[in-house]
Amino acid sequence: MSSLTNVVGSYGAGYMFYNCTNLETIDCRSLETVNAQYGISSLCNKCKKLVSADFRSLKLVANNYTIQGIFNECSALTSVNLSSLETVSGTSCMQSIFYYCTSLESIDLSSLTSITGTSAASGMCSGCTKLFSIDLSSLTSAAGANVFSSAFSNCTNLVDIDLSSLTSLTESSATANMFQKCTSLEKIYFPMLSGIPL
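These lines cover the structure that appears in this document, whether it is placed above or below. (Residues numbered from 1 in each chain as written. Predicted model: local features only at pLDDT ≥ 70, side-chain atom pairs only at ≥ 80, totals over all residues. Heavy atoms only, no water.)

So, on to the nonpolar core. Ranked by size, the top nonpolar core spans 60 residues in total, and within it Phe55, Phe71, Phe98 and Phe152 carry the most contacts. Filtering out sequence-adjacent residues up to four positions away, phenylalanine 152 remains in contact with Met124, Cys125, Ile134, Leu136, Leu158, Ile161, Met178, Phe179, Gln180 and Cys182. (Core = buried A, V, L, I, M, F, W, Y, C linked by side-chain atoms within 4.5 Å. Buried < 20%, exposed > 50% of the residue type's maximum accessible area, 1.4 Å probe, protein only. Contact = heavy atoms within 4.5 Å.)

With that out of the way, let us pick up the pattern of salt bridges. A full pass over the atoms with the stated rule returns three salt bridges. With a shortest N-O distance of 2.5 Å, arginine 56 and aspartate 54 are connected by a salt bridge. A relative accessible area of 12% means that aspartate 54 is categorised as buried. (Salt bridge = Lys/Arg side-chain N within 4 Å of Asp/Glu carboxyl O.)

With that settled, the discussion passes to the sheet that holds strand β6 (residues 79–81). In spatial order, the strands read β2-β4-β6; together these three strands make up an open sheet with parallel pairing. Both edges of this open sheet fall to β2 (25–27) and β6, since each of them pairs with a single strand only. The average undirected angle you get between the axes of adjacent strands in this sheet is 5°. Looking at chain direction, β2 and strand β4 (residues 52–54) are connected through three bridges and run parallel. Pairing of aspartate 27 across the sheet is with aspartate 54, part of β4. (Pairing = 2+ DSSP bridges. Helix = DSSP H or I, 4+ residues; strand = E, 2+ residues; numbered from the N terminus. Axes fitted to C-alpha atoms, helices over the stretch in contact; angles between N-to-C directions.)

As a further point, take the environment of isoleucine 40. Here isoleucine 40 is to be found in the loop between β3 (33–35) and β4. Judged by its relative accessible area of 3%, isoleucine 40 falls in the buried class. Spatially, the C-alpha atoms of isoleucine 40 and glycine 12 are 6.5 Å apart, while their sequence positions differ by 28 residues. Apart from the residues within four sequence positions on either side, isoleucine 40 is in contact with Val7, Ala13, Gly14, Leu31, Val34, Phe55, Thr66, Ile67 and Ile70.

Another aspect to go through is the environment of glycine 69. Looking at the secondary structure, you find glycine 69 in the loop between β5 (60–62) and β6. On a C-alpha basis, the gap between glycine 69 and cysteine 44 in space is 8.1 Å, while along the polypeptide they are 25 residues apart. Residues in contact with glycine 69, not counting those within four places in the same chain, are Ser42, Asn45, Gln95, Ser96 and Ile97.

What follows concerns the environment of glutamine 37. When you line up the elements, glutamine 37 lands in the loop between β3 and β4. Between the C-alpha atoms of glutamine 37 and alanine 62, which are 25 residues apart in sequence, the distance is 8.2 Å.

Taken as a whole and judged by the stated rule, the model has zero disulfides. Take cysteine 182: it sits in no disulfide, and the sulfur closest to it among the cysteines is that of cysteine 155, at 5.3 Å. For cysteine 182, a relative accessible area of 6% corresponds to the buried category. (Disulfide = S-S within 2.5 Å.)

Right, let's talk about the packing of aromatic side chains for a bit. Using the criterion set out here, one finds six aromatic pairs in the structure. The interplanar angle of 65° and the centroid separation of 4.7 Å between the aromatic rings of tyrosine 99 and tyrosine 100 together place this pair among those described as edge-to-face. Residue tyrosine 99 is classed as partly exposed on the basis of its relative accessible area, which comes to 29%. On the basis of an interplanar angle of 10° and a centroid distance of 5.7 Å, the ring pair of phenylalanine 152 and phenylalanine 179 is categorised as stacked. With phenylalanine 152 in the loop between β11 (141–143) and β12 (160–162) and phenylalanine 179 in the loop between β13 (168–170) and β14 (187–189), the pair connects residues that are 27 residues apart, well separated along the chain. Taken together, Phe55, Phe71 and Phe98 form an aromatic cluster joined through their ring pairs. (Phe/Tyr/Trp six-rings, centres within 6.5 Å; stacked < 30°, edge-to-face > 60°.)

Take a look at the structure:
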């Protein structure tokens, strides 16, 4: 899949490698745009031996459920490259993307500037018990009900998080349970933070 540049059309590549229990790597280094409902949702869901995933060129994710759960329960995943991702929009579009990736220690989303949509990033890293670092330092806007709900819940190794560029956060329950049970969390660079239980 290293030559694939775009995914369009409903259910484009959704569930393509679902439960492929011996898959160890996936190379989508040329993929730039996913604009399709369920585009690559659950692409590698429950691929228990998946260690690395390369999406280095992916910049735009648009439409509902587009990359929802693509690495859901990939318990061996240690390396993922999404460093070029800039814009995410659509209902539940990246919901539970790293849900219970229990070997993942760091995530680079340093180019991501905008997340839009109901539950767009809810449960994004929930249950990532080894995660200690995630770079969201360029994120300026997040919009949609429950957009970040439970995004980092049960990330028991997460020490700090930089959301210092976030200047727009709208809709109800946008951050409900966002840091629930983050028992190691020491620092949050989040000027907009107000009254959120940790």
